[in-house]
Amino acid sequence: NFNNIILSSGTLIFAALGMTFVIMAGFLDLSIGGIISLVAVVTVTMIDQVGQGPAILIGLSVGLICGLINSGLILSSGALTQAESLFITFGMSLVYGALALMYVQGVTQFLTYSETDISIFNAINSGQIGFLSVFTFVAIICLAILLVIERRTYMGRSVVLTGGNKTAARLAGIPISRSIVMIYAISGLMSAIGAVVLVSRATLADPTMGSRYMTQAILAVVVGGTALAGGRGSVLWTVVGVFLLVLMNNCLNLLGVSSYVQFMIWGVILIVVIWLDTVKQARVRG
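Computed from a prediction, not measured in an experiment: that's the story for all the values here.

**Q** Is there a simple way to think about the side chain of threonine 20 in this case?
**A** Among the secondary structure elements, threonine 20 is positioned in helix H1 (residues 2–24). For threonine 20, the contacting residues outside a window of four places in its chain are Val221, Thr226, Ser234, Val235 and Thr238.

**Q** Hey, could you run me through helix H3 (residues 52–77) in this one?
**A** Residues spaced three or four apart along an α-helix face the same direction, because each turn holds 3.6 residues. End to end, H3 covers 38 Å across 26 residues, agreeing with the expected 38 Å (1.5 Å per residue, within 8%). Those residues of H3 that sit buried are Gln52, Ala55, Ile56, Gly59, Val62, Gly63, Cys66, Gly67, Asn70, Ser71 and Ile74. Backbone geometry just downstream of H3 places glycine 78 in the positive-phi region, at approximately 70°.

**Q** Looking at this model, I keep getting lost on the packing of H3 against helix H9 (residues 176–202). Mind explaining?
**A** To describe two helices that pack against each other, one gives the angle between their axes and the distance between the axes. H9 packs onto H3 with a crossing angle of 150° between their chain directions and a minimal axis gap of 7 Å. Comparing their axes, H9 and H3 come out roughly antiparallel. Considering how the two elements wind past one another, H3 and H9 form a crossing that is right-handed. Contacts between H3 and H9 involve Ile56, Gly59, Leu60, Gly63, Leu64, Gly67, Leu68, Asn70, Ser71, Ile74 and Leu75 on the former and, on the latter, Ser177, Ile180, Val181, Tyr184, Ala185, Gly188, Leu189, Ala192, Ile193 and Val196. In terms of residue class, the contact of H3 with H9 is made up of 14 nonpolar, seven polar and no charged.

**Q** Honestly, the packing of H3 against helix H5 (residues 119–126) in this entry has me stumped. Any pointers?
**A** Across the interface, H3 lies against H5 with an axial gap of 8 Å and an inter-helix angle of 70°. Regarding the angle of H3 to H5, the classification is roughly perpendicular. For the pair formed by H3 and H5, the contact residues are Gln52, Gly53 and Ile56 on the first element and Ser119, Ile120 and Phe121 on the second. Its residues assigned to classes, the contact of H3 with H5 comprises three nonpolar, three polar and no charged.

**Q** When you look at the nonpolar core in this model, what are you seeing that I'm missing?
**A** Side chains of nonpolar character tend, in soluble globular proteins, to be buried together. Core analysis: the largest hydrophobic core is formed by 87 residues, its most contacted members being Phe14, Met19, Phe21, Phe27, Phe121, Ile183 and Met190. Top contributing element to this core by residue count: H9, with 14 residues. The contact partners of methionine 190, leaving out residues within four places of it in the chain, are Phe14, Ala15, Leu17, Gly18, Cys142 and Leu146.

**Q** Sorry if this is basic, but what is going on with the packing of aromatic side chains here?
**A** Any two aromatic rings considered together are summarised by their centre-to-centre distance and by the angle between their planes. Inspection of every chain in the model, using the stated rule, returns three aromatic pairs. Measuring from ring centre to ring centre gives 5.7 Å for phenylalanine 14 and phenylalanine 135, while their planes differ by 75°; the resulting arrangement is edge-to-face. Here phenylalanine 135 lies in helix H6 (residues 134–152) and phenylalanine 14 lies in helix H1, a separation of 121 residues in the sequence. Judged on exposure class, the residue phenylalanine 14 and its partner phenylalanine 135 are both buried. Plain terms: the ring middles of phenylalanine 27 and tyrosine 184 are 6.4 Å apart, the flat faces sit at 65° to each other, and that makes the pair edge-to-face. On the criterion of sequence distance, the pair formed by phenylalanine 27 in the loop between H1 and helix H2 (32–50) and tyrosine 184 in helix H9 is long-range, its members being 157 residues apart. Accessibility assignment for this pair places phenylalanine 27 and tyrosine 184 in one class, buried. Above the face of the phenylalanine 27 ring, lysine 166 is positioned so that its terminal group lies 4.6 Å from the ring centre.

**Q** Sorry if this is basic, but what is going on with unusual backbone geometry here?
**A** Trans peptide bonds make up most of the peptide bonds, and negative phi angles are found at most residues other than glycine. Positive phi is not limited to glycine here, since glutamine 105 has a value of about 55°. Within the secondary structure, glutamine 105 sits in the loop between helix H4 (82–104) and strand E1 (109–110). The exposed category is assigned to glutamine 105, whose relative accessible area is 65%. Of note in the backbone geometry, threonine 203 takes a positive phi value of approximately 55° without being a glycine. Examined against the element boundaries, threonine 203 turns out to sit in the loop between H9 and strand E4 (204–205). Classification of threonine 203 as partly exposed rests on a relative accessible area of 29%.

**Q** When you look at the pattern of salt bridges in this model, what are you seeing that I'm missing?
**A** Pairs can form between side chains of opposite charge whenever their charged atoms are close. Under the counting rule described, the total for this entry stands at one salt bridge. Note that glutamate 150 and arginine 151 form a salt bridge whose closest N and O atoms lie 3.7 Å from each other.

**Q** Just to check I follow, could you spell out H4 for this structure?
**A** For H4, with 23 residues, the first-to-last C-alpha span of 33 Å sits near the 33 Å given by 1.5 Å per residue. Structurally, H4 contributes buried residues whose contacts are with H2, H3, E1 and H9. Just past H4, the residue glutamine 105 takes up positive phi, approximately 55°.

Cut-offs used in this document
Residues numbered from 1 in each chain as written. Predicted model: local features only at pLDDT ≥ 70, side-chain atom pairs only at ≥ 80, totals over all residues. Heavy atoms only, no water. Helix = DSSP H or I, 4+ residues; strand = E, 2+ residues; numbered from the N terminus. Contact = heavy atoms within 4.5 Å. Expected span 1.5 Å × (residues − 1). Buried < 20%, exposed > 50% of the residue type's maximum accessible area, 1.4 Å probe, protein only. Axes fitted to C-alpha atoms, helices over the stretch in contact; angles between N-to-C directions. Parallel < 35°, antiparallel > 145°, perpendicular 65-115°, else oblique. Left-handed = near helix turned anticlockwise from the far one by under 90°. Nonpolar A, V, L, I, M, F, W, Y, C, P; charged D, E, K, R; others polar. Core = buried A, V, L, I, M, F, W, Y, C linked by side-chain atoms within 4.5 Å. Phe/Tyr/Trp six-rings, centres within 6.5 Å; stacked < 30°, edge-to-face > 60°. Lys NZ or Arg CZ within 6 Å of the ring centre and 35° of its normal. Salt bridge = Lys/Arg side-chain N within 4 Å of Asp/Glu carboxyl O.

This is how it looks when you write it as structure tokens:
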């Protein structure tokens, strides 16, 4: 059951883990949809040219570079508010999505059409390591690494302090610029890992396949208890938020609820959670 729940979470769990650091620092990253799409098409198209291992590394590098570009734009423009980061990363999402479309001319790339070995992708999709699936093992490793960064490193604590009060963090000598670079690099890399997982499970790469993860990742992070204004949160609770959304999605499917109605339900949940979080923060400040 544990394996099945994690498998159902798919790409969302990786996108949400990366988004947690961004939101804890008081920013937003709406570019993850474009990054997932771009990494997916680049990875699949590179398999026949360089092999599956190097293709995956190239895909992960593309995601990391996209995250670094986002942080560079935010720092160079002085966009230190959540609203400013929202619009900048949304614009970059359109750029990355357009690059994905241009790269493959809008044509879906099928993993099964590759002429070389794709055993790594097959292992990610259905392989086992002991009693755990390979996908579950990868998710646990990523969670453990991010949890150590969050709770046991200076940079992890800097992210929380930056999200709590940027002015106070700067006066206290916290390297805000380095924190911004780190959070967007993590977000880009985790989105890239999610893209590889998505390709492995779907056995194809579509230049628009990442668009739906943008809002779902934010929803999972907020449902997991991370303050949308920043300064509080945990990757561990984000995983709980992802599981709650996956279980709720399964229940809605079993009840035969239309996908259109499900989109409306996700929107209502997001509004309610943000409203409750805002009310709670207002009471704390009051």
